[in-house]
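Fold and geometry: a report
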Amino acid sequence: MTLTDIPTSSSGARGPAAPYDELIEAQRVHGSLYTSPAIFADELEQIWYRTWVYVGHVSEIAEPNDYVRKNIGPQDVIMTRSADGEVHLLLNRCAHRGNLVCEADAGNSSSFRCPYHGWTYRNTGDMLGYPFHGGYGGRGKLDLGLGRVPRVGIYQGFVFGSFAPDGPTLEEHLGEAKGEIDRLVRLSPEGEVEITAGFLKHKARANWKLLAENETDGYHPQFVHASIFSVAQSGIGALYGEKSTAVTRALGNGHSENDLRPEFRRIGAPLGWFGTTEEKVPEYSAAMRARYGDAAEEILIEGAPHVMIFPNLFIAEIQMFTIQPLAANLTVQHVTAVQFKGAPEMNKRMLQQCIGSVGPAGMLLADDTEMYERNQAGVAELRPEWLDVRRGVHREEIDERGLTVGGATDETGMRGFWKHYKHLMTEGRAQ
Amino acid sequence: MTAAATAIPTDAEPTQLDVRDVEQFLYREARFADEHRYDDWEALWTQDGLYWVPANDDDADRMAKMSIIHDNRSRIATRIRQFQTGRRHSQVPHSRLRRVVSNVEILGNAENGDLEVGANFVLVESRERSNELWAGRYTYRLRVVDGAIAMSYKKVALVDNARAIATLSFLI
Amino acid sequence: MYIRPDIVGNEFAEVSLTIDEEANSRRLRLEDLKTGKVRYLDALELETLVWLPEGNLAKLLDPSADRWREEDA
Ligand code: FES
Ligand SMILES: [Fe+2]
């Protein structure tokens, strides 16, 4: 099959859009993977509308009947909390003629009324009723409701959805990445993170995989971010140098991390990972030591994870990104500051530091995004066709958890990403 | 930094300025930003300057919510120095920029006596990636420092600040 | 006699009404001051109340409609 030979059957069972076995090799991947609309359509079916995708956080719908508008790729998803406390993921599409039911980004309502003809739904997705019921032969005659994301999974307050009615559980999907989420939430003196600062939405005219691969690429910071490292006297650059003891780890299922703990342990300073000291945040430090006792020292030294959870959740220490693919060459990054429950002193600092770094004007992310867009333009050129992902392959090791580990600047995370991607797009396809 | 910065006024003689002088200041500020004249632009700030581009809500709580830009005076300086490294990739090469500032209106005095001025703007940014159209509302606070107008506050309420927007790495 | 401005009360019942800002949009918070029971009403529910015919509301006022029923006792 060629790339232009797009299968047209409408079910998820259509054949591969491309010969992925040939396009994805162990040490290089083909440029068409980033540019082909047919491959993008195939990815929506095989990845975004099937595997577990991060949608939102329970703290965004803290109260009964709260809702927020979220997304799974191009799908407009309403995340609701019904009166009984359950979390639901509903599709923003009226069962009558398909109008959008919700227009606001967030609100509190036990039910949704479509503005077009007034059909009304519970926030569980169930139909409540429709106006002028005589036209349907009376009340309660229609067995219709809002579309649902069939599986909803929650881990440590992080809400994921899967369009596949069955398949691996969320915990199976997260696998080794669970520990990284655990490492984030334990930095709260109450063991919970809160997503309350709102999101910046940053458009990148680039394929989503360029973003996903870059998130744990330890090779680029010294180049892309040299400008800010030099003027802000940042220590981050050194973490991603050839001499760094930090490692890149493929966590399985496409997840990966830059594990900076070896560097933070070497430095041995509580809160050094955040560029501060306990004296500067005395209430937070006291609360952490009160909660965790002797373990607090290690928790405060090791800091927050830098982990990419396949396919769309990136936690970069104090920042949380989600990746929303909209076309082969268009992606939106949603980003916010992580906030720790019970840590107002720390939260203010994290928010302001995050604002300086991320988003359309961020002193880091504006430059990453410039690279994504130039990269997208570059991969459209015809030669040499391939992107190289071999860096560090000769010095990889398997650690005691059985995971592949490379150096701080190695492309171990990308290779892990592609291994899982290839599986989902070939032998692991939905039948 | 040059001329603009000295003391923050304490007991607030409310700043009074002629609208023509205000306009001249705004146009100059816009031209320095359009032409990437970073030092000249930075010199327009007072020492307590605040450069703010809110997100999602023009009146968001800037201490609790994400902003597109939320620079105090020291972060303004960092932003400028980042440009000056010549390796701020999203501005190498510079975006070509031209903005129109209009509907200039003196709104009154802020609590600290600074003169508050509103204006609308439309800006075209041209880069290899695309042309982007930016528009919104500026709110400035102005005061006279050493005989020259300086700004202590510039807020940029983009009309599309709740939507996904492109990289905005120039001075808006 | 001073009566709190957020209270609607008489010899039969006493309910406080406040606008609650804690959720993702405004709600009306109602508290039955005799029992402390709290309920929130969102905009669509309030609009529905406005349109409720007298008869339907009267049905709900039947003391055994939703409260004081043998099966709960
Ligand atoms: S489309 Fe929603 S009620 Fe008609
Ligand atoms: Fe980066």
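Quick caveat: nothing in here was measured; it's all calculated off a predicted structure.

**Digging into the overall build of chain B**
In terms of regular secondary structure, chain B is built from three helices and six strands. For chain B, the sequential pattern of α-helices and β-strands runs α-α-β-β-α-β-β-β-β. In summary, chain B has a C-alpha radius of gyration of 16 Å against a globular reference of 16 Å for 172 residues, a match within 12%. By its C-alpha atoms, chain B is 50 × 35 × 30 Å across when sized along the principal axes. Out of the 172 residues in chain B, the part that is buried amounts to 56%. A total accessible area of about 7,700 Å² is found for chain B, and carbon and sulfur atoms account for 47% of it. Averaged over its 23 positive side-chain charges, chain B has a centre that lies 7 Å from the centre of its 26 negative ones.

**Some words on the coordination of the iron ion (ligand 2)**
Residues and elements named next belong to chain A. Around the iron ion (ligand 2), the protein supplies His220 (NE2), His225 (NE2), Asp368 (OD) and Asp368 (OD) as donor atoms, at distances of 2.1 to 2.7 Å. One way to put it: the four donor atoms around the iron ion (ligand 2) meet at angles of 53 to 147°, and that makes the site irregular. A residue is classified by how much of its surface remains accessible, and His220, at 13% relative accessible area, is buried. Residue class for Asp368 comes out buried when judged on its relative accessible area of 5%.

**A word on the interface of chain C and chain A**
Interfaces are often sized by the amount of accessible area the parts lose when they come together. Contact with chain C, which involves nine residues of that partner, is made by 15 residues of chain A. Of the roughly 860 Å² buried between chain C and chain A, counting both surfaces, carbon and sulfur atoms make up 40%. There are two salt bridges connecting chain C and chain A. Among the ionic pairs, A:Arg113 bridges to C:Glu47, the shortest N-O distance being 3.2 Å. Our count for the contact surface shared by chain C and chain A stands at eight residue pairs in polar contact (both at pLDDT 80 or more).

**Some details on unusual backbone geometry**
Backbone phi values are negative for most residues with the exception of glycine, while trans is the configuration of most peptide bonds. A:Pro311 follows A:Phe310 through a cis peptide bond whose omega is 0°. The amide bond that connects B:Val92 to the next residue, B:Pro93, takes the cis arrangement and shows omega of 0°. Looking at the secondary structure, you find B:Pro93 in the loop between helix H3 (73-84) and strand E3 (96-109). Here the phi dihedral of A:Leu271 falls at roughly 70°; this positive angle occurs in a residue that is not glycine. Tracing the chain through its elements places A:Leu271 in the loop between helix H10 (261-267) and helix H11 (282-292). Judged by relative accessible area, A:Leu271 falls into the buried class, the value being 0%.

**As for the packing of aromatic side chains**
One pass over the full model with this rule turns up 24 aromatic pairs over all chains. Ring centres 6.0 Å apart and planes at 55° place the aromatic pair B:Trp45 and B:Tyr51 in the tilted group. Both residues of the pair, B:Trp45 and B:Tyr51, belong to the buried class. Taken together, the aromatic side chains of A:Tyr20, A:Tyr34, A:Trp48, A:Trp208, A:Phe310, A:Phe417, A:Trp418 and A:Tyr421 make up a single cluster linked through ring pairs.

**Describing the sheet that holds strand E5 (residues 87-91) of chain A**
All names here are of chain A. Strand order in the open sheet formed by four strands is E5-E4-E3-E6, and the pairing between neighbours is antiparallel. The sheet terminates laterally at E5 and strand E6 (106-108), the two strands that pair on one side only. Ignoring which end each strand starts from, the neighbouring axes of this sheet average 30° apart.

**Overview of the environment of A:Asn123**
Residue and element names in this part refer to chain A. Of note, Asn123 is situated in the loop between strand E8 (120-122) and strand E9 (127-129). Distance from Asn123 to Gln156, taken between C-alpha atoms, is 23 Å for residues 33 residues apart in sequence. Beyond its immediate sequence surroundings of up to four residues, Asn123 is in contact with Asn65, Thr80, Arg81, Ser82, His88, Leu90, Ser109, Ser110, Ser111 and Phe112.

**As for the layout of surface pockets**
Residues and elements named next belong to chain C. Within this model, the largest pocket holds a volume of roughly 2,200 Å³. Forming the walls of the largest pocket are 49 residues, and the residues nearest its centre are Arg39, Leu49, Leu52, Leu57 and Leu60. No other element matches the six residues that helix H1 (residues 43-51) contributes to the lining of the largest pocket. For the lining of the largest pocket, the per-class residue count stands at 23 nonpolar, 12 polar and 14 charged.

**Describing the interface of chain A and chain B**
Each side of the interface is counted separately: chain A has 39 residues, and chain B has 35 residues. Applying the counting rule to chain A against chain B returns four salt bridges. Note that A:Asp367 is salt-bridged to B:Arg88, the shortest N-O span being 2.9 Å. Seen at the junction of chain A and chain B, the total is 28 residue pairs in polar contact (both at pLDDT 80 or more). Tallying contributions element by element places helix H14 (residues 365-379) of chain A first for the side of chain A that touches chain B, with seven residues. Here the side of chain A that touches chain B is composed, by residue class, of 21 nonpolar, 11 polar and seven charged.

**Remarks on the sheet that holds strand E10 (residues 151-155) of chain A**
All names here are of chain A. Spatially, E2-E11-E10 is the arrangement adopted by the three strands of the open sheet, whose pairing is antiparallel. In the strand order of this sheet, the two ends are held by strand E2 (53-57) and E10, each with one partner. Averaged over neighbouring strand pairs, the angle between their axes works out to 30° when direction is ignored. Taken together, the four bridges between E2 and strand E11 (residues 158-162) define a ladder with antiparallel strand orientation. Paired with Tyr54 across the bridge in E11 is Phe160.

Definitions and cut-offs
Residues numbered from 1 in each chain as written. Chains lettered and ligands numbered in written order. Predicted model: local features only at pLDDT ≥ 70, side-chain atom pairs only at ≥ 80, totals over all residues. Heavy atoms only, no water. Helix = DSSP H or I, 4+ residues; strand = E, 2+ residues; numbered from the N terminus. Rg over C-alpha atoms; globule rule 2.2 N^0.38 Å. Buried < 20%, exposed > 50% of the residue type's maximum accessible area, 1.4 Å probe, protein only. Areas by Shrake-Rupley, 256 points an atom, 1.4 Å probe, with all protein chains shown as cover. Lys, Arg positive; Asp, Glu negative; His and termini not counted. Charge placed at Lys NZ, Arg CZ, Asp CG, Glu CD. Donors = N, O, S within 2.8 Å, 3.2 Å for Na, K, Ca; no water. Tetrahedral: all angles 85-135°; square planar, octahedral: opposite > 155°, others 65-115°. Contact = heavy atoms within 4.5 Å. Buried area = accessible area lost by both parts, 1.4 Å probe. Salt bridge = Lys/Arg side-chain N within 4 Å of Asp/Glu carboxyl O. Polar contact = N/O pair within 3.5 Å; in protein donor to acceptor, adjacent residues only side chain to side chain. Phe/Tyr/Trp six-rings, centres within 6.5 Å; stacked < 30°, edge-to-face > 60°. Pairing = 2+ DSSP bridges. Axes fitted to C-alpha atoms, helices over the stretch in contact; angles between N-to-C directions. 1 Å grid on protein atoms, 1.4 Å probe; cavity = no way out; pocket = protein on both sides within 12 Å on 5 of 7 lines; lining within 4 Å. Points joined across faces, edges and corners; volume = space filled by probe spheres on them. Nonpolar A, V, L, I, M, F, W, Y, C, P; charged D, E, K, R; others polar.

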